[in-house]
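Structural characterization, general
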Amino acid sequence: MHTQDRTIKNLGHDAAERPLTGRIALVAGATRGAGRALAVELGRSGATVYVTGRTTRTRASEVGRTSETIEETAELVTAAGGAGIAVPTDHLDEDQVRALVQRIDGEQGRLDILVNDLWGGEHLLAASVFGKKSWETPLADGLRILELGARSHVITAALLLPLLIRSDAPLHVEVTDGTAHSNRRYRENMYYDLAKNAPIRLAFGLGQELAEYGGAAVAVTPGFLRSEQMLTHFGVAEENWRDAIAREPAFAIAESPQYLARTVAALAADPDRARRWNGRSTSSGELAGVYGVTDTDGSRPNAWAYFEDVVHGGKEGSPEDYR
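Residues numbered from 1 in each chain as written. Predicted model: local features only at pLDDT ≥ 70, side-chain atom pairs only at ≥ 80, totals over all residues. Heavy atoms only, no water.

**Section: the nonpolar core**
Judged by nonpolar contacts, the single largest core of 32 residues is most densely connected at Leu38, Leu42, Val49, Val115, Leu171 and Val220. Listed by contribution, the elements that provide at least two residues to this core are β1 (24-28), α2 (33-44), β2 (48-53), α3 (70-79), β4 (113-116), β5 (171-175), β6 (216-221) and α9 (257-268). Among the elements that make up this core, the one with the highest residue count is α2 (six residues). With residues up to four places along the chain from it excluded, the contact list for Leu42 reads Leu20, Ala25, Val27, Ala47, Val49, Val115, Ala265 and Ala268. Ranked by size, the runner-up nonpolar core spans 22 residues in total, among them Tyr50, Leu111, Ala157 and Leu210. (Core = buried A, V, L, I, M, F, W, Y, C linked by side-chain atoms within 4.5 Å. Buried < 20%, exposed > 50% of the residue type's maximum accessible area, 1.4 Å probe, protein only. Helix = DSSP H or I, 4+ residues; strand = E, 2+ residues; numbered from the N terminus. Contact = heavy atoms within 4.5 Å.)

**As for the layout of surface pockets**
Of the volumes computed, that of the second largest pocket is approximately 220 Å³. Taken together, 15 residues make up the lining of the second largest pocket; nearest its centre are Arg36, Ala37, Glu228, Pro257 and Gln258. Every element with two or more residues in the lining of the second largest pocket is listed here: α2, α8 (228-234) and α9. At six residues, α2 tops the list of elements feeding residues into the lining of the second largest pocket. Split into classes, the residues belonging to the lining of the second largest pocket amount to four nonpolar, four polar and seven charged. (1 Å grid on protein atoms, 1.4 Å probe; cavity = no way out; pocket = protein on both sides within 12 Å on 5 of 7 lines; lining within 4 Å. Points joined across faces, edges and corners; volume = space filled by probe spheres on them. Nonpolar A, V, L, I, M, F, W, Y, C, P; charged D, E, K, R; others polar.)

**Concerning helix α12 (residues 303-312)**
Listed as buried for α12 are Ala303, Trp304, Tyr306, Phe307 and Val310. The buried residues of α12 occupy an angular sector of 160 degrees when projected down its axis, which confines them to one face. Along its buried surface, α12 packs onto β6 and β7 (281-283). Downstream of α12 by one or two residues, Gly314 has phi in the positive range, about 75 degrees. (Arc of directions from axis to C-beta.)

**Describing helix α7 (residues 190-210)**
Look at α7: 30 Å from first C-alpha to last across 21 residues, which is about the 30 Å you get at 1.5 Å a residue. Helix geometry: α7 is bent most strongly at Ala198, by close to 25 degrees, with proline Pro199 lying one to four residues after it. The backbone nitrogen of Tyr191 has a side-chain oxygen 3.0 Å away, supplied by the residue at the start of α7, namely Asn189. (Expected span 1.5 Å × (residues − 1). Bend = angle between axes of the 7 residues up to and from the residue. Polar contact = N/O pair within 3.5 Å; in protein donor to acceptor, adjacent residues only side chain to side chain.)

**Thoughts on the pattern of salt bridges**
Evaluation of the coordinates by the stated rule reveals 24 salt bridges. A salt bridge links Arg23 to Asp168, with the shortest nitrogen-to-oxygen separation between them at 2.8 Å. Highlighted residues: Arg23 in the loop between α1 (3-17) and β1 and Asp168 in the loop between α6 (139-164) and β5, separated in sequence by 145 residues. Across the salt bridge formed by Glu68 and Arg65, the nearest N and O atoms sit 2.6 Å from each other. The class for Glu68 is buried, based on a relative accessible area of 5%. Classification of Arg65 by relative accessible area gives buried; the value is 15%. (Salt bridge = Lys/Arg side-chain N within 4 Å of Asp/Glu carboxyl O.)

**Notes on the packing of α6 against α7**
Relative orientation of the contacting elements α6 and α7 amounts to 15 degrees, with a least axis distance of 9 Å. Taken together, the axes of α6 and α7 are roughly parallel relative to one another. In this structure, α6 crosses over α7, and the sense of that crossing is right-handed. Contacts between α6 and α7 pair Leu139, Gly142, Leu143, Ile145, Leu146, Gly149, Ala150, His153, Val154, Ala157 and Leu161 from the former with Tyr191, Tyr192, Leu194, Ala195, Ala198, Pro199, Leu202, Leu206 and Leu210 from the latter. Of the residues in the contact of α6 with α7, the class split is 17 nonpolar, three polar and no charged. (Axes fitted to C-alpha atoms, helices over the stretch in contact; angles between N-to-C directions. Parallel < 35°, antiparallel > 145°, perpendicular 65-115°, else oblique. Left-handed = near helix turned anticlockwise from the far one by under 90°.)

**Overview of the pairing of β1**
Among the five residues of β1, five are classified as buried, and the element is accordingly described as predominantly covered. Of the two faces of β1, the one holding Ile24, Leu26 and Ala28 and the one holding Ala25 and Val27 are both buried throughout. The sheet contact formed by β1 and β2 spans five bridges and is parallel. Residue pairing for β2: Ala25 is matched across the bridge by Val49. Once you follow β1 into α2 and on to β2, the crossover reads as right-handed. Summarising the sheet, β1 and β4 pair through four bridges and their orientation is parallel. Bridged to Ala25 within β4 is Ile113. (Pairing = 2+ DSSP bridges. Right-handed = clockwise from strand over helix to strand, strands pointing away.)

This is the structure in structure tokens:
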């Protein structure tokens, strides 16, 4: 085979295996959990991925975990075959976000994929949200939840979108908890309900604005996520996560962070994504069915369908029926 023929063949292989080669992505909130997995999978698909967060090797965020850092996330992106670039950023600080925009602009000139996975409010939920009426939630904690889950998303979108629309196919992904359909039910507490519905409306509205640029804005949600924090909460590791089912039976429907990440990477590589998904709210389970993606164990969990049918709908069934 001639050298030129081999080059053409390799390019075809790379396009199939690494469909996001040459694309520039930002995963805002990539320290751990879904954000980290999303960054790694975008890198595995060939993208250059900027990863932001507040926990570094020298400083911890209010979440209080030092076991995961954005530097480590960037290294995992690079190890997966992409190019990971860690930029410490508090997305509630407009100056820091503007500096992030300037850096990406100076180094790349555009942004193709923006994943808005900001949160960092889990530490407030057990003490201030779950099991409490909204007026029983300390106001300062409630407002902080809105800052972390809504205001940070708005700041990030407002300042990064001018860079995103320079792409020939801009994609904006809002990561939240629950779909528009599942979140028609009250999410236990006013602050949490507002924080987790805001990204859905952001994707819907921004989809209208991105349409003229050939772009798409999509809200996505994992199911019952086996994040590092959730595994720690149950006292298990990824290797023995099923041991937690005895304590929480619904954990049987749990999925790894890689599951959502694989589905979003597939969506990002879909040339028809704007027509299929723009302005919509979807889930890892739905996307997996469309794109033929599986979780790390080969299953295809659909947690939101399980909760809708069995937990809320009274239908006979078990978590295994929805895997």
